[in-house]
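# Tertiary structure, described
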Amino acid sequence: MPNPNLIPLSLYIHIPWCVKKCPYCDFNSHESRTPIDFVGYVDALLDDLKTQLSLVQGRKIATIFIGGGTPSLLPIAQYRQLFAGINAQLTLTHDCEITMEANPATVEHAPFHEYLAVGINRLSLGVQSFQTQKLAALGRIHNPQQALLAIVNAQQAGFKKLNVDLMHGLPNQTLTDALSDLQQAIDLGVSHISWYQLTIEPNTVFYRNTPILPDDEILVDIFEQGAQLLKANGFVQYEVSAWSRQADFQPSQHNLNYWQFGDYLAIGAGAHGKVTRPDGIYRFSKSRLPKDYRVNQSAIGWQAIEPSDLPFEFMMNGLRLKNGVPKQFWTQRTGLAWSVIEPQLIKLHNRGLVELSGDHIHCTAQGFLFLNQVLQEFLPDD
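Thresholds applied
Along every chain, residues carry numbers that run from 1 in the direction the sequence is written. With pLDDT at 70 or above as the cut-off, local features in this predicted model cover only qualifying residues; side-chain atom pairs require 80 or more to be listed or tallied, and sums for whole chains, interfaces and linings still use all residues. Side-chain measures were taken over the full set of non-hydrogen atoms in the model, leaving aside hydrogen atoms and water. Think of it this way: any DSSP run of H or I at least four residues long counts as a helix, any run of E at least two long counts as a strand, and we number them from the N terminus. Radius of gyration means the value over C-alpha atoms here, while the globule rule gives 2.2 Å times the residue count to the 0.38 power. Think of it in three bands: residues with accessible area under 20% of the maximum for their type are buried, residues over 50% are exposed, and the middle band is partly exposed, with areas taken using a 1.4 Å probe on protein chains only. Here a residue-residue contact requires only that any non-hydrogen atoms of the pair lie within 4.5 Å. The Shrake-Rupley method, run with a 1.4 Å probe sphere, supplies the accessible areas, and residue values consider only the shown protein chains as cover. All tallies of charge rest on Lys and Arg as positive and Asp and Glu as negative; His and the ends of each chain are not included. Every charge is mapped onto a representative atom, which is NZ of Lys, CZ of Arg, CG of Asp or CD of Glu. To define a nonpolar core, start from buried Ala, Val, Leu, Ile, Met, Phe, Trp, Tyr and Cys residues and group those joined through side-chain atoms within 4.5 Å. Strand pairing requires that DSSP identify at least two bridges connecting the strands. Looking down the strands as they point away from the viewer, one classifies a crossover as right-handed if the path from the first strand across the helix to the second runs clockwise. Interaxial angles span 0 to 180 degrees and are taken between N-to-C directions of axes, which are lines fitted to C-alpha atoms, for helices over the stretch in contact. Roughly parallel covers angles under 35 degrees, roughly antiparallel covers those over 145, roughly perpendicular covers 65 to 115, and oblique covers all other angles. Left-handed describes a crossing whose near helix is turned anticlockwise from the far helix through less than a right angle; right-handed describes the clockwise counterpart. For a helix, the expected span equals 1.5 Å multiplied by the residue count minus one. Residues forming no salt bridge and having over 30% relative accessible area are the ones grouped into patches, like charges within 9 Å of each other and nonpolar side chains (Val, Leu, Ile, Met, Phe, Trp, Tyr) within 5 Å. Basic side-chain nitrogens of Lys or Arg form a salt bridge, by our definition, when they fall within 4 Å of a carboxyl oxygen of Asp or Glu.

## Observations concerning the overall build of the protein
Across its full length, the protein holds 15 helices and 17 strands. For 382 residues, the compact-globule formula gives about 21 Å, and the C-alpha radius of gyration of the protein, at 21 Å, lands near that figure. When the 382 residues of the protein are sorted by exposure, 52% land in the buried category. At a minimum sequence separation of 6, the contacts of the protein that also span at least 24 residues come to 71%. Per element, the accessible surface of the protein, about 16700 Å² overall, is 52% carbon and sulfur. Each charge sign in the protein was given a centre, from 28 positive and 35 negative side chains, and these centres are 5 Å apart.

## What to know about the nonpolar core
Core analysis: the largest hydrophobic core is formed by 70 residues, its most contacted members being L11, I13, I64, Y79, I86, I120 and I193. If you tally residues by element for this core, the top one is helix α1 (residues 38-51), at seven residues. Once residues within four sequence positions are removed from consideration, L11 is found in contact with L49, I61, T63, I64, F65, I86, L90, H254, L265, A266 and I267. If you look at the next biggest cluster of nonpolar residues, it comprises 29 residues, including F314, C363, F368 and L371.

## Structural notes on the pairing of strand β5 (residues 92-102)
Pairing of strand β4 (residues 61-68) with β5, which is carried by five bridges, proceeds in the parallel orientation. When the bridges of β5 are listed, I64 appears paired with I98. In the classification by handedness, the crossover that spans β4, the intervening helix α2 (residues 76-89) and the parallel β5 is right-handed. Two elements, β5 and strand β6 (residues 122-128), share four bridges in a ladder whose sense is parallel. Paired with T99 across the bridge in β6 is R122.

## A few points about the environment of K322
Mapped onto the secondary structure, K322 falls in the loop between α11 (310-318) and β15 (325-326). Apart from residues lying up to four places away in sequence, K322 is in contact with Q237, Y238, E239, H362, C363 and F368.

## Here's the deal with the packing of helix α6 (residues 175-187) against helix α8 (residues 216-232)
As a packed pair, α6 and α8 sit with axes 9 Å apart at the nearest point and diverge in direction by 25°. Between α6 and α8, the interaxial angle falls into the category roughly parallel. Between α6 and α8 the crossing geometry is right-handed. Every residue of α8 that contacts α6 at L175, A178, L179, L182, Q183 and I186 is listed here: I218, D221, I222, Q225, G226, L229 and L230.

## Overview of α2
Here α2 spans 20 Å end to end across 14 residues, near enough to the 20 Å set by a 1.5 Å rise per residue. Here α2 has its buried residues at I76, Q78, Y79, Q81, L82, F83, G85 and I86. Structurally, α2 contributes buried residues whose contacts are with β1 (9-15), α1, β4, β5 and α3 (112-118).

## Things to note about the sheet that holds β15
Pairing within the open sheet is antiparallel, and its three strands lie in the order β15-β17-β16. For this open sheet the edge positions go to β15 and β16 (354-355), each flanked by a neighbour on one side alone. Alignment of β16 against strand β17 (residues 360-363), held across two bridges, turns out to be antiparallel. Bridge pairing in β17 links V354 to C363.

## Things to note about a nonpolar patch on the surface
A surface patch of nonpolar side chains, amounting to about 290 Å² of accessible area, comprises F223, L369 and F370. Looking at where F370 falls in the secondary structure, it is placed in the loop between α14 (365-369) and α15 (371-376).

## Quick look at the pairing of strand β8 (residues 192-197)
Bridging between strand β7 (residues 161-168) and β8 involves six bridges; their strand directions are parallel. Across the sheet, residue M167 finds its bridge partner in β8, namely Y196. Once the chain exits β7 it traverses α6 before rejoining the sheet at β8, and the crossover so formed is right-handed. Here β8 pairs with strand β10 (residues 242-245) via three bridges, running antiparallel. Looking at β10, one finds that S194 is bridged to A242.

Listed below in C-alpha cells is the structure:
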C-alpha cells in the first residue's frame, strides 16, 4: 500500500447555498429562499471535521478550497468561527493556499480585506463573461460593472492570487465575443484564468431546454484563437482549462493536488473526498441536502477504489496537466508497480500520444488534443 506520509493532504469545504441557481449548474447548490442558520452550519462543518481527524495521519494541510454554491454568502463572522475551529483541529503548512470562490455581485460579500484577515489568500471570481447579454443568458445575478469592480477591489485589498473564471461556447457567442472576454481579464492584470467551455449537463435547466450554442467550427476557432491570445499575453496553459501568467506563475495548488492524485478531506453538504488508508484508497461523499447533512455529518458513503480502476483514475487526473505527473507518483500514490501501466504507455508512446522521456508521464501536443482517446487505454477490462 502507498505511504500516506508521502501524499499531500488538502481540505475541501462546501457552502451549498446560492441566491439563484444558474441554468447550466449541476453542482450541489440550493437557492437561499429562507433565512439560513449559518452559525449552525459552521458548527456542523467543524463537527464533520472531527470525524475525519483519524484520516490526517500526522500530515499538515497543504491547501484549503471553499467552493459552492456561493461561499461568499457565508458571513464574515462565520468565516472567523470556521477558521478558528479549523486551526484548533488541524495544522496547516506555513504557505497553505486557502481559496474561496466568490460571486462578483458586491451585495453578497464582505470587503475583500476581511477575507485576507481570516486567512483566505486566494480568490476565485465566477465572472463567466463581461457581457450583459451573455450573463443574462447564463442566469448570472451580476452585471459587467460588478465583475470589473470586484476584480479591482480584490486587487486593491491585497489579493496577490486571483483567479477569474470565464466560459466560452456560450449561447449565441461569436468569436469576437469570446476573445473580448479574455482580453478584458488580461487587461485587468489578473494572474490566473480558468477558461472552460460550457457543457450541457443532465439535471440542469439547459439540459431540459437547450439554448442555441455555437457550432463546432466556431468552437474550434474560439479555442484556437483564444489560446493564441493568452499565449501572446504571457499566459501558459498548465492544465486543460487553466492558464497562469508566466511572469508570476501561480497555478492552483489545490487543484494540482487533485490532478496529482493527492488526498483531500471534505466537509459540507454534498462534499467529496479521497483518502489513502492502510487498507486501501477510498473516495467518500456527504449527504447532499443541507438539512440532512446537519442532522448527521458522519453519514459518509465510502467506496474503495479497486486496483483495476487505479490506472484510469490516476491518468484521468494526471494527464490533464500539460507537464503530466512525475513517474514516481504512480507507485508512491497507488502502491502499484510500474509494470501495471507500462504496456499501455509504450503503446501510446508508439502512436505519438504520450511522452515517456525524462522523469514525467505526459501527453504529447497531439495526445493532449485527443486526451479522451488516450484515457481509453487505461480503462479496466470488462
